[in-house]
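Chain and residue survey
Okay, here's what each chain looks like letter by letter:
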Amino acid sequence: MHVEEKLTAETFPASPERATLEGKNKFLGFWLFLGGETVLFASLFATYLALRDQVNGGTPASELFELPIVFVATMLLLTSSLTSVYAMYHMKNFDFKKMQIWLGVTVLLGLAFLLLEIYEFYHYVHHYDHKITSSAFGSAFYTLVGTHGAHVTFGLFWIVTLMIRNSKRGLDLYNAPKFYIASLYWHFIDVVWIFIFTVVYLMGMVV
Amino acid sequence: MSTLTQKKGFGATVWDYLTTVDHKKIAILYLIAGGFFFILGGLEAMFIRIQLAIPDNNFISAGFYNEIMTMHGTTMIFLAAMPLLFALMNAVVPIQIGARDVAFPFLNSLGFWLFFFGGIFLNLSWFLGGAPDAGWTSYASLSLESPGHGIDFYALGLQISGIGTLIGGINFLVTIINMRAPGMTYMRMPLFTWSTFVASALILFAFPALTVGLALLMFDRLFGTGFFVPQMGGNTIIWEHLFWIFGHPEVYILVLPAFGVFSEILATFSRKRLFGYSSMVFATVLIGFLGFMVWAHHMFTTGLGPIANAIFAVATMAIAVPTGIKIFNWLLTMWGGQVRFTVPMLYAVAFIPSFTMGGVTGVMLAAAAADYQFHDTYFVVAHFHYVIVGGVVFGLLAGVTYWWPKMFGRMLDETLGKVTFWLFLIGFHLTFFIQHFLGLMGMPRRIFTFLPGQGFELGNLISTVGAFFMAISTLVLLVNIVKTSINGPKAEADAWGDGRTLEWAVASPAPEYNFKQTPLVRGLDALWVEKMAGKKGLTPAEPLGDIHMPNGSFLPFTISLGLFVASIGLIYQFDDKVWAIPVIFIGFLITFGSMFLRSVIDDHGYHIHKEELMDDDDKGVKA
Amino acid sequence: MKKWLPNMRFFSLFGLMALLLAGCGKPFVSTLQPAGEVADMQYSLMLLSTSIMVLVIIVVTILFVYVVVRFRRKAGDENTIPKQVEGSHKLEMIWTIIPILLLIILAVPTVSATFKLADVTPMEEETRDENALVINVTANLYWWEFEYPDHGVITAQELIVPTGERVYFNLLASDVKHSFWIPAVGGKMDTNTENVNKFWLEFDQQATENAGGLFYGKCAELCGPSHALMDFKVKPLPKEEFDQWISDMQNAEPFVPTSDLAAQGEQVFNQYNCIACHAIDTGEDRPTAPNLANFGERSSIAGRFEFTEENLKKWIKDPEQHKPGNKMTGTYDHENMTEEELDALAEYLMNLKVQN
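As the structure is a prediction and not an experimental result, all values here were calculated from the model. (Residues numbered from 1 in each chain as written. Chains lettered and ligands numbered in written order. Predicted model: local features only at pLDDT ≥ 70, side-chain atom pairs only at ≥ 80, totals over all residues.)

**Structural notes on the overall build of chain B**
Basically, it comes down to this: Only DSSP runs of H or I covering at least 4 residues are called helices, and only runs of E covering at least 2 are called strands; the numbering of each starts at the N terminus. The size measure is the radius of gyration over C-alpha atoms, and the globule rule it meets is 2.2 Å times the number of residues to the 0.38 power. Any residue with 12 or fewer other C-beta atoms within 10 Å of its own C-beta is exposed, any with 20 or more is buried, and the rest are partly exposed; the C-beta atoms used are placed from the backbone. A pair of residues counts as a contact when their C-beta atoms, built from backbone coordinates, are within 7 Å of each other.
Across its full length, chain B holds 20 helices and four strands. Here the C-alpha radius of gyration of chain B, 24 Å, is about what a compact globule of 623 residues would show, namely 25 Å. Dimensions along the principal axes, computed over C-alpha positions, put chain B at roughly 70 × 60 × 45 Å. By the burial criterion, 65% of the 623 residues in chain B qualify as buried. Within chain B, residue pairs in contact and separated by at least 24 positions form 82% of the contacts whose partners lie at least 6 positions apart.

Encoded structure:
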């Protein structure tokens, strides 16, 4: 199928993200990119695990973390992953409007997550004087969680850009792969967060 | 838009190259930039050898020596060897698999410009207060201690060019997986394509570790974090791990494509198919896989304990097995063949014993207990130069001379080529063989001078003499290039007459769409199969039709430029310069603005129409 | 290690190798003239691996020369198409299995030696052998400190050890990473900035005498401009002499200048505030600069010059020129030091001795 073809709900393929060669390339390339991202986060996790007890006289993880906030944030992000699945479901059904709505919900949830994270960081800095420069633990914590946060921020800008750019013209085989890989990226961010929640927060409370 | 190369003005040509997304032109960009950095790194090497020619020499100062030595290693690995390999990959791989282009032409160009600006940024340090001086490994305690901004240039420069490399790696993976012509199954891919594939996978999984390491180093230096600061609870061993988790696969990223080049050349000029093709593929994949399991052999003396050392020692030795398989397969490829000694073949033939030397000293270094003596001595210097010069640089020289006619449409001069070869071969062994013994005799590496009376005098002098041979040989190569580009003979499609793979079926240089009709691949060594069947050209897999081409774009240049600008700001905000913060913003604005433009402006490319393709035929361009 | 070594001597290649390599280098700095148990073990492993590898190279070279000579394309063969051979499972099995066997031959002694060299039980707290000598090594930018914690003795730049017994080392760096290496006596180990590394060495009496009583020690990890000049000296002594030295160090009286010039030198030493960084008491640990209590007994100046008064003055007058990046430069007004002051200071320093 060709990129510029005008399509209807009937002619729209089942996997629009992989219907063209460009789409297939994007799809595969992005999966590979996520493979590289996995190594990136794995390196950050390893660094964090090596340094998490090095508090340098500051507050240790078990007394620091505000688990209720983090739990709410986790739920928000998990839900946003689900809503992005809905969006992709509607994309495959060529229902542009519903896709936009669900993407909108995803963005709002992501934004809420980000605000909570900012509040959380603010809280640590002002109540516990736990800064990125106060100890190796602080450096590793803010770098790992902050890198994730930067990914969330980038993802939000990305999805919003796609929504606005395509708001007038609807779905076609040129932009379907773009929406699809953005949602793939969003899932990846979600998976990374699950690891952060487990390794940083839950394991931080235990020890 | 016409498909024929027209005479263009200088400005138009420059603009063409600044905006090109054609893999063949990007290959030329990589070749020029990589060649420039190769010469730069070579000059740095000459400084090193002159300084070490005699004991207690004062040719350059201690601090400057460390800068030169650091930049020599960093330049040669990141800015010369990698881009030159990318030049060959870009020039050859898409054609070898019967594709019209790479999977992501835009990203291909972005990868180049990121590398280029990263390299320029790194070298700016020479003019802005001194180059990095902590070795190419930049071990954390020393690199944190290092005054000035040298290490900051290192961290940011490599970060930028590293992203470029990562993009290039993903691009080749997708290209090779998705863009192969009909019939080009995995087990029919030429070995150079295979090794590009495996090397790209290594890039994908190795470079992010470097990205993280460099980011942590930069945070520690510029923002006061404590990753590598023991007083804050930090640990410098983390840097060593991150660096070598990247650094060891990096060796294979460099050497595997070189292996691929030799596999092509040895088969071509022996007029025989590669002996044991499937075991060669298997060995390539296995080396790539094992390459990730052995990084700690660079850290035997760090104090990881005997269990870790023993495991990594044995794992490292294991790599010798697939490497050995390759050596013997190459020898047996020539066995019973019709060996023709062209210049590329000379390099390939000389590579076998030279690289074997480097390989066996690698096994010696793997013996952990003995490595306590070898580690950080000139024995190691000799070893990795045998691997990287004897393997990678020979591979590059071989590959560049082999595919030069395909890239530029002209043959290089064989006589001058042979002069280059012999000078280089003699110089190489003269320089590095003796260094094994210097190391064993107790000479540590990375020393700016040595005191007399320790028995190092003669060996160092011989080594320096050898270096001059290599320098002269490089000059002869340059003369060759200039001479033949003025009046060299035009190259045929099958420039060497013995071509076996698809790139020798298209014109030299290849038209921008590579294949007028996508070929049908009917076996390993697709062109050879057709030749043996008595055919002149390839069997097409599709009727003649319109060809879809990507549009050129200036955005890769600006995206990279933005990061370059932002990095300058990042370094100087540390000095509380008032202009630094705005510069950071402007830089990121350029980068993200360009990315935004790329995202919102549709780019559907254009078509070369059937009629124009027919016209080409009339003008005698064969496809 | 020793057990299999004689067996290996049967291989003539091995013997030849040993003969060839032994001719290389100077006995006080070459790894090829091992001067102790550790270096011996490593040398044997080097010989074994070199022999196997030379064997490999010989096989490859013979094949290589044959192929290159025999199968060159000759005139008249321009159109000959050789047989297109796919491969040979039998051959491929051979060159897979033989290397594996060779590697096993190398891997077993490697692993065994790696564990032996890491055996530091006598210095561990729980399993401490009271008779084992432990030395704390601290690497600093371009100088080395050696502390004998069981004896309360500290010295710098010149390591004094007993021969014929295992000496255990704690290794640490105070600023950036260095690496502690005495090539003739045994392989190196890094001095990290955050954790103490432990290992042992043994110094052979006979080999010490052959080497002239003094080994060269080196820093083997890039540490800054003067990395190349961060040498130290190692003086192994017979056990009794070593014990005597330790007791001399322990019982050293504060130095009393015996001549006017030396007394004047002591004044200069205090006037230029050298004392702020350099300790002159055998038991005192000042991390800032080398302890000078037994300076007069050293065999080199600043790790790089022969021990003469001339060189000492040269060094004090302009340390930056002789060891770029060192931490002494700029801590005193060397430019305005007069010749008289230099003479006196040198006289004083050269007389700082604990042994008579």
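Read on for the rest.
**Re the overall build of chain A**
When its secondary structure is counted, chain A shows six helices and zero strands. Taken from N to C terminus, the helices and strands of chain A fall in the order α-α-α-α-α-α. Based on the C-alpha atoms only, the size of chain A along its principal axes is roughly 65 × 30 × 25 Å. Out of the 207 residues belonging to chain A, those deemed buried represent 41%.

**As for the sheet that holds strand E1 (residues 133-140) of chain C**
Residues and elements named next belong to chain C. The test is simple: Between any two strands, pairing holds if DSSP finds at least two bridges. All axes here are fitted lines through C-alpha atoms, helices being fitted over the stretch that makes contact, and every angle between N-to-C directions spans 0 to 180 degrees.
Strand order in the open sheet formed by five strands is E3-E2-E1-E5-E8, with mixed pairing between adjacent strands. Only two strands of the sheet have a single neighbouring strand rather than two, namely strand E3 (153-156) and strand E8 (197-202). This sheet shows a mean twist of 25° between the axes of neighbouring strands, independent of strand direction.

**Here we look at the packing of helix H8 (residues 236-270) of chain B against helix H11 (residues 320-334) of chain B**
Residues and elements named next belong to chain B. Stated precisely, the cut-off is as follows: Throughout, the term roughly parallel applies to angles under 35 degrees, roughly antiparallel to angles over 145, roughly perpendicular to angles from 65 to 115, and oblique to all others. By definition, turning the near helix anticlockwise from the far helix through less than a right angle yields a left-handed crossing, and turning it clockwise yields a right-handed one. Amino acids outside the nonpolar list (Ala, Val, Leu, Ile, Met, Phe, Trp, Tyr, Cys, Pro) and the charged list (Asp, Glu, Lys, Arg) are all regarded as polar, and Gly is one of them.
The geometry of H8 relative to H11 is characterised by a closest axis approach of 9 Å and an angle of 20° between their N-to-C directions. Between H8 and H11, the crossing angle belongs to the class labelled roughly parallel. Judged by the sense of rotation from one axis to the other, the crossing of H8 with H11 is left-handed. Across from Phe259, Phe262, Leu266, Ala267 and Ser270 in H8, the residues of H11 making contact are Lys326, Trp330, Thr333 and Met334. Per-class residue counts for the contact of H8 with H11 are six nonpolar, two polar and one charged.

**A word on helix H3 (residues 62-96) of chain B**
Residue and element names in this part refer to chain B. Test applied: By this rule, a helix spans an expected 1.5 Å times one less than how many residues it contains. Bend at a given residue is defined as the angle between two axes, one fitted to the seven residues that end at that position and one fitted to the seven that begin there.
Spanning 35 residues, H3 covers 48 Å between terminal C-alpha atoms, matching the ideal 51 Å at 1.5 Å per step. Approximately 40° is the largest bend angle found in H3, and it occurs at Thr75. With respect to burial, H3 is a largely interior element, 33 of its 35 residues being buried. Looking one or two residues past H3, Gly98 carries a phi angle of roughly 75°, positive in sign.

**Here's the deal with the interface of chain B and chain A**
Across the boundary between the two partners, chain B contributes 31 residues, which contact 31 residues of chain A. Counting only elements with at least two residues in the side of chain B that touches chain A, the list comes to helix H6 (150-178), helix H7 (191-223), H8 and helix H19 (580-600) of chain B. Element by element, the count of residues in the side of chain B that touches chain A is highest for H7 of chain B, at eight residues.

**Notes on the nonpolar core**
Stated formally: The term nonpolar core means buried Ala, Val, Leu, Ile, Met, Phe, Trp, Tyr and Cys residues held together as one set by C-beta atoms within 7 Å.
Tyr30, Leu254, Phe262, Leu331 and Tyr347 of chain B together with Val185 of chain C are the most contacted members of the largest nonpolar core, which has 379 residues in total. Dropping the residues within four chain positions of it, Val185 of chain C is found in contact with Ala35, Gly36, Val38, Ala39, Leu201, Phe203, Phe215 and Val234 of chain C.

**Quick notes on the packing of helix H3 (residues 67-92) of chain A against helix H6 (residues 176-206) of chain A**
Two quantities define a packed helix pair, namely the angle between the helix axes and the distance between the axes. Residues and elements named next belong to chain A. Here H3 crosses H6 at 160°, and the two axes come no closer than 10 Å. Relative to H6, H3 is oriented roughly antiparallel. For the crossing formed where H3 meets H6, the hand is left-handed. Contact residues: Leu67, Val70, Thr74, Leu77, Leu78, Ser81, Ser84, Ala87, Met88 and Met91 in H3; Ala176, Phe179, Tyr180, Ser183, Trp186, His187, Asp190, Trp193, Phe197, Tyr201 and Met205 in H6. Per-class residue counts for the contact of H3 with H6 are 15 nonpolar, five polar and one charged.

**What about the interface of chain B and chain C?**
Each side of the interface is counted separately: chain B has 76 residues, and chain C has 76 residues. The dominant element in the side of chain B that touches chain C, judged by the number of residues it contributes, is H11 of chain B, at nine residues.

**Overview of the arrangement of the chains**
Looking across the two pairs of chains in contact, one finds the most contacts between chains B and C. Note that chain A does not reach chain C: the shortest distance linking a C-alpha of one to a C-alpha of the other is 12 Å.

**Things to note about the environment of Ser138 of chain B**
Residue and element names in this part refer to chain B. Tracing the backbone through its elements, the reader meets Ser138 in the loop between helix H4 (105-124) and helix H5 (140-145). Sequence separation between Ser138 and Ala155 is 17 residues, and the spatial gap between their C-alpha atoms is 9.3 Å. Not counting residues within four places of it along the chain, the set of residues in contact with Ser138 comprises Pro132, Ser143, Ile151 and Tyr154.

**A word on unusual backbone geometry**
For the bond from Ser508 of chain B to Pro509 of chain B, the omega torsion is -10°, close enough to zero to count as cis. Tracing the backbone through its elements, the reader meets Pro509 of chain B in the loop between helix H16 (457-487) and strand E1 (519-520). Unlike most non-glycine residues, Asp56 of chain B shows phi in positive territory, near 50°. Looking at where Asp56 of chain B falls in the secondary structure, it is placed in the loop between helix H2 (23-51) and H3. Not every positive phi belongs to a glycine, and Tyr142 of chain C is a case in point at roughly 75°. Mapped onto the secondary structure, Tyr142 of chain C falls in the loop between E1 and strand E2 (143-148). Using a count of 28 C-beta atoms within 10 Å as the deciding quantity, one classes Tyr142 of chain C as buried.

**A short note on the pairing of E3 of chain C**
All names here are of chain C. Because side chains alternate across E3, one face comprises the buried residues Val153 and Thr155, and the other comprises Ile154 and Ala156, equally buried. Here four bridges tie E2 to E3, and the two strands are oriented antiparallel to one another. By the bridge assignment, Phe146 is partnered in E3 with Thr155. Connecting E2 to the antiparallel partner E3 that follows it, the hairpin turn spans four residues, and Gly152 within it adopts a positive phi of roughly 65°.

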